[in-house]
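# Secondary and tertiary structure notes
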Amino acid sequence: MANVSAECPLCSADVPLDVNQEDGDEVYCSYCKAPLVARKIDRYTWMLRDIDDDKKSANRKAAKKIERDSEEEGVARSMLDEFEFNSGGGGSRGGH
């Protein structure tokens, strides 16, 4: 298997990666010593990200998921309320 490397996003140095590297592993630039995160693009292509940018991106993705989940929960509640209203199970809101 050939050696793999990727470019440091901070100093543009070529950073060698271990053949056993896994997506999300923390690595350090061999030139500027910056902490980076290795991200696998495809079988032979890697991208290095600044560790702080990677964490911010992960936090944004988590926040979007929470927002999406709450919207879905709100839609489900509205549908349940409408069902209860239409089926007469809504107490004083019930139909005749």
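Bear in mind the structure is a predicted one, so any value in this text is a computation, not a measurement.

## Structural notes on the pattern of salt bridges
For the structure on display, the rule yields one salt bridge. A salt bridge links Arg-39 to Asp-23, with the shortest nitrogen-to-oxygen separation between them at 3.5 Å. Here the residue Arg-39 occupies a position in strand S4 (residues 35-40), and Asp-23 occupies one in the loop between strand S2 (14-17) and strand S3 (26-28), the gap between them amounting to 16 residues. Here Asp-23 falls in the partly exposed class, since its relative accessible area comes to 45%.

## Topic: the pairing of strand S1 (residues 4-7)
Burial along S1 is one-sided: Val-4 and Ala-6 are buried, while Ser-5 and Glu-7, pointing the other way, are not. Both S1 and S2 contribute to a ladder of four bridges, which runs antiparallel. Each bridged residue has a counterpart across the sheet, and for Ala-6 the counterpart in S2 is Val-15. Remark: six residues form the turn of the hairpin made by S1 and S2, two consecutive strands paired antiparallel; Ser-12 in that turn has positive phi of roughly 70°.

## Remarks on the confidence of the model for the protein chain
Across the protein chain, the average pLDDT comes to 78, with 78% of residues at 70 or higher. Counted against residues more than four places away or in other chains, residues 92-96, with its pLDDT under 50, gives seven contacts.

## Description of the side chain of Asp-50
If you trace the backbone, Asp-50 turns up in strand S5 (residues 46-50). Exposure remark for Asp-50: the relative accessible area of 16% places this residue in the buried category.

## Describing the environment of Trp-46
Relative to the helices and strands, Trp-46 is located in strand S5. The spatial distance from the C-alpha of Trp-46 to the C-alpha of Ala-6 is 5.9 Å, given a sequence separation of 40 residues.

So, how was this worked out
- Residues numbered from 1 in each chain as written.
- Predicted model: local features only at pLDDT ≥ 70, side-chain atom pairs only at ≥ 80, totals over all residues.
- Heavy atoms only, no water.
- Salt bridge = Lys/Arg side-chain N within 4 Å of Asp/Glu carboxyl O.
- Helix = DSSP H or I, 4+ residues; strand = E, 2+ residues; numbered from the N terminus.
- Buried < 20%, exposed > 50% of the residue type's maximum accessible area, 1.4 Å probe, protein only.
- Pairing = 2+ DSSP bridges.
- pLDDT = per-residue confidence, 0-100.
- Contact = heavy atoms within 4.5 Å.

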